[in-house]
Amino acid sequence: MNNTESSQGNFQITITSPEVFNMAPTTAPDPNASILIIGAGTWGCSTALHLARRGYKNVIILDPYELPSPISAGNDVNKIIEEGSSTSESDDSLSETLRRLATNGWLHDPVFAPHYHNTGYAICAHTPEGLEQLTKHEKIHDNPDFEIIDTPEQFRALMPKGVLTGDFPNWKGGFKKTGAGWVFARGALMSAYHEAKRLGVKFITGPQGDVKTLLVENGDVIGAETADGTRHRASTTILAAGAQAPSLLDVKDQLRPTAWTLAHIKMSKEECALYKDLPVLFNLESGFFMEPDAENGELKICDEHPGYCNWSTNTSGQKINIPFAKHQIPKEAESRVREFLSHTMPQLAERPFSFARICWCADTPDRNFLIDRHPEFRSLVLAIGGSGHGFMHITSVGGFIADAMEGCLDEKLKEAFRWRPETAVGRDWGDVQDRMGGPNKVMDFADVMEWTDIK
């Protein structure tokens, strides 16, 4: 067999045969079909779980890290959740459809339901541009589920006395008492992992699971090769590698790896008790927080902004954006977190951080998911493009991916999630995609002069 290594742009494949022809595989479910999933993060674990529940018996999932992966966005103490309405069938928008499907899992699936906390949430802004965005997307003035809050006293009254003590300068928004809240993200991720494993999915992690290249034979992807030289062959390969996907496949500029920043503050036992069962407070221009995690007693705060990229130029002169792991954040992000605290909980504004990290996702041009068979490699299913809202759908996204593999994905979802390189032609890599905060632009880690030094 003629083995030829081919590197194209910032992706790599291994050609194991020079012949090129495409033959679409059958989509009829075969429980004994070999399925290889690349990536054991949020979407990889969700896919493994859904496939195992459908009776597939030969599923292997590869990841370079033990679970929970330190670079997975799902390896986090909490994420914001807003339920879809089971009664709003008249709203057939894509976003509402997806919320309804995800909500069913958060409320009724025993794997996920224990990790959902229906505490309510307040969403707000503090500039004319932010308030316009809030009205446009959340429609808080037209939604009877929201109570309007527009004074510092009303904001402080959302939580027990002593929690919110700030002056909330120019803050206005809405409070949704129920039907929203937060989930214990790491708990939900690991719950999916354990259940998939119990149902027979094989997880291979560490160097043995570190995929370095896709294997291509006869014009189709037939598996992947890992760092230890093992070639894993499968009848179907599912790429669920998140922000790392462009390093394995030319996605035609449909993905932009984008990172966000977060920090933790250690809380006392008394503070944890006071802060328990709080609603989420989210200012779409400055940041958000929710109650301290039960494991370590740490309060997580995220500063809100359009994200960071990590641009550089490769040896061919191409502009590339390479994700990396780091358990520190830029000092400018620390300043934004502390400013958010000074406006909301000034008693915590100068407290040292106990933890911080950057967290990667991958944005499509329209922020819709990319879940489809590859148009050339017909045995390759794409499960990428979380676009900053992928975790909420851990309950259901694996079902979409399984449907795409089987050829039975709902037509509306199929259209929205299709392979669509035409949307990325001449892509504006600095597009904020309706996100706000910080300097109101996509930032570059190459411009960061100083990082935190949390021990």
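My aim in this report is to walk through the structure given alongside it, one point at a time. (Residues numbered from 1 in each chain as written. Predicted model: local features only at pLDDT ≥ 70, side-chain atom pairs only at ≥ 80, totals over all residues. Heavy atoms only, no water.)

1. Observations concerning the overall build of the chain
Here is step 1 of the chain: Tallying secondary structure elements over the chain gives nine helices and 26 strands in all.
Here is step 2 of the chain: The C-alpha radius of gyration computed for the chain amounts to 22 Å, which stays within 12% of the reference 23 Å derived for 455 residues, consistent with globular compactness.
Here is step 3 of the chain: Summarising its shape, the C-alpha atoms of the chain cover approximately 70 × 50 × 40 Å along the three principal directions.
Here is step 4 of the chain: Going through the 455 residues of the chain one by one, you find that 58% of them count as buried.
Here is step 5 of the chain: Taking all contacts inside the chain whose residues are at least 6 apart in sequence as the whole, residues at least 24 apart take part in 75%.
Here is step 6 of the chain: Carbon together with sulfur atoms contributes 51% to the accessible area of the chain, which is approximately 19,200 Å² in total. (Helix = DSSP H or I, 4+ residues; strand = E, 2+ residues; numbered from the N terminus. Rg over C-alpha atoms; globule rule 2.2 N^0.38 Å. Buried < 20%, exposed > 50% of the residue type's maximum accessible area, 1.4 Å probe, protein only. Contact = heavy atoms within 4.5 Å. Areas by Shrake-Rupley, 256 points an atom, 1.4 Å probe, with all protein chains shown as cover.)

2. Brief notes about the packing of aromatic side chains
Here is step 1 of the chain: One pass over the full model with this rule turns up 20 aromatic pairs.
Here is step 2 of the chain: Considering the side-chain rings of Phe 289 and Phe 340, the 6.5 Å spacing of their centres and the 65° angle between planes classify their relative orientation as edge-to-face. You can see Phe 289 sitting in strand E18 (residues 287–289) and its partner Phe 340 sitting in helix H7 (residues 331–344), a full 51 residues away along the chain. Like Phe 340, Phe 289 is buried.
Here is step 3 of the chain: In textbook terms, an aromatic cluster arises when at least three aromatic residues are bridged by ring pairs, as seen for Phe 155, Phe 168, Trp 171, Phe 289 and Phe 340.
Here is step 4 of the chain: Positioned above the aromatic ring of Trp 311, the side-chain terminus of Lys 319 is 4.5 Å from the ring centre. (Phe/Tyr/Trp six-rings, centres within 6.5 Å; stacked < 30°, edge-to-face > 60°. Lys NZ or Arg CZ within 6 Å of the ring centre and 35° of its normal.)

3. Things to note about the sheet that holds strand E6 (residues 116–117)
Here is step 1 of the chain: The three strands lie next to each other as E5-E10-E6, forming an open sheet whose pairing is antiparallel. At either margin of the open sheet sits one strand with a lone partner, and together these are strand E5 (79–82) and E6.
Here is step 2 of the chain: With two bridges joining them, E6 and strand E10 (residues 180–183) adopt antiparallel strand pairing. Its bridge partner being in E10, Tyr 116 is matched across the sheet by Val 183. (Pairing = 2+ DSSP bridges.)

4. Here we look at the sheet that holds strand E15 (residues 236–239)
Within a beta sheet, neighbouring strands are joined by backbone hydrogen bonds and run either parallel or antiparallel to one another.
Here is step 1 of the chain: Pairing is mixed in the open sheet, where six strands are placed in the order E11-E4-E3-E15-E25-E24. The outermost strands of the open sheet, each flanked by one partner alone, are strand E11 (202–205) and strand E24 (370–373). Averaged over all adjacent pairs, the angle separating strand axes in this sheet is 15°, with direction ignored.
Here is step 2 of the chain: Here four bridges tie strand E4 (residues 59–63) to E11, and the two strands are oriented parallel to one another. Pairing of Ile 60 across the sheet is with Lys 202, part of E11.
Here is step 3 of the chain: Across the sheet, helix H1 (residues 42–53) lies against strand E3 (35–38), E4, E11, E15, E24 and strand E25 (380–384), angled at about 160° from E3, the strand it touches most. (Axes fitted to C-alpha atoms, helices over the stretch in contact; angles between N-to-C directions.)

5. Side note on helix H2 (residues 94–108)
Here is step 1 of the chain: Along its 15 residues, H2 runs 22 Å from first to last C-alpha, staying within 8% of the 21 Å computed at 1.5 Å per residue.
Here is step 2 of the chain: When we look at burial in H2, the residues that qualify are Leu 94, Glu 96, Thr 97, Leu 98, Arg 100, Ala 102, Thr 103, Gly 105 and Trp 106.
Here is step 3 of the chain: Buried positions along H2 lie against E5, E6, E10, helix H5 (185–198), helix H8 (397–406) and helix H9 (411–417). (Expected span 1.5 Å × (residues − 1).)

6. Looking at the nonpolar core
Here is step 1 of the chain: In this structure, Leu 164, Leu 239, Leu 281, Phe 289 and Met 345 are the most contacted members of the largest nonpolar core, which totals 64 residues.
Here is step 2 of the chain: Every residue in contact with Leu 281, bar those within four places of it in the chain, is listed here: Ala 122, Cys 124, Phe 155, Met 159, Leu 164, Phe 168, Trp 171, Gly 287, Phe 288, Phe 289, Phe 340 and Thr 344.
Here is step 3 of the chain: By size, the runner-up hydrophobic cluster in this structure holds 50 residues, among which are Ile 81, Tyr 116, Ala 188 and Tyr 193. (Core = buried A, V, L, I, M, F, W, Y, C linked by side-chain atoms within 4.5 Å.)

7. Describing the state of the cysteines
Here is step 1 of the chain: This model, assessed by the stated rule, comprises zero disulfides.
Here is step 2 of the chain: Of the cysteine sulfurs around Cys 302, a residue in no disulfide, the closest is that of Cys 359, at 7.8 Å.
Here is step 3 of the chain: According to the relative accessible area criterion, Cys 302 is buried, its value standing at 8%.
Here is step 4 of the chain: Cys 309 takes part in no disulfide bond, and the closest cysteine sulfur, belonging to Cys 361, lies 12 Å away. (Disulfide = S-S within 2.5 Å.)

8. Details of H5
Here is step 1 of the chain: The terminal C-alpha atoms of H5, which comprises 14 residues, lie 20 Å apart, in line with the 20 Å expected from a rise of 1.5 Å per residue.
Here is step 2 of the chain: The complete set of buried residues in H5 reads Ala 185, Arg 186, Gly 187, Ala 188, Leu 189, Met 190, Ser 191, Ala 192, Tyr 193, Glu 195 and Ala 196.
Here is step 3 of the chain: In this structure, the buried side of H5 is in contact with H1, E5, H2, E10 and E11.
Here is step 4 of the chain: At the exit of H5 stands Gly 200, carrying a positive phi of roughly 110°.

9. Topic: the side chain of Glu 298
Here is step 1 of the chain: Residue position: Glu 298 is located in strand E19 (residues 298–303).
Here is step 2 of the chain: Of the side chains bearing the opposite charge, Lys 266 lies closest to the buried Glu 298, which forms no salt bridge; the N-O distance is 4.9 Å.
Here is step 3 of the chain: One polar contact links Glu 298 to Ser 354, side chain to side chain, over a distance of 2.9 Å.
Here is step 4 of the chain: The residues contacting Glu 298, other than those within four sequence positions of it, are His 264, Ile 265, Lys 266, Pro 292, Asp 293, Ser 354 and Phe 355. (Lys, Arg positive; Asp, Glu negative; His and termini not counted. Salt bridge = Lys/Arg side-chain N within 4 Å of Asp/Glu carboxyl O. Polar contact = N/O pair within 3.5 Å; in protein donor to acceptor, adjacent residues only side chain to side chain.)

10. Notes on the environment of Ala 243
Here is step 1 of the chain: By the secondary structure assignment, Ala 243 is in the loop between E15 and strand E16 (256–266).
Here is step 2 of the chain: Judged by relative accessible area, Ala 243 falls into the buried class, the value being 11%.
Here is step 3 of the chain: With 170 residues separating them in the primary sequence, Ala 243 and Ala 73 have C-alpha atoms 9.9 Å apart.
Here is step 4 of the chain: Beyond its immediate stretch of four places on either side in the chain, Ala 243 contacts Pro 257, Pro 323, Trp 360, Cys 361 and Ala 362.

11. Looking at unusual backbone geometry
Here is step 1 of the chain: Here the residue pair Leu 67 and Pro 68 is connected by a cis peptide bond, since its omega of -5° sits within 30 degrees of zero.
Here is step 2 of the chain: Mapped onto the elements, Pro 68 comes out in the loop between E4 and E5.
Here is step 3 of the chain: Notably, Phe 168 is not glycine yet its phi reads approximately 45°, a positive angle.
Here is step 4 of the chain: With respect to the element layout, Phe 168 can be found in the loop between helix H4 (152–156) and strand E9 (172–176).
Here is step 5 of the chain: Even without being glycine, Asp 434 reaches a positive phi, approximately 70°.
Here is step 6 of the chain: Within the fold, Asp 434 resides in the loop between H9 and strand E26 (443–444).

Function cannot be read off these values alone, since they describe shape.
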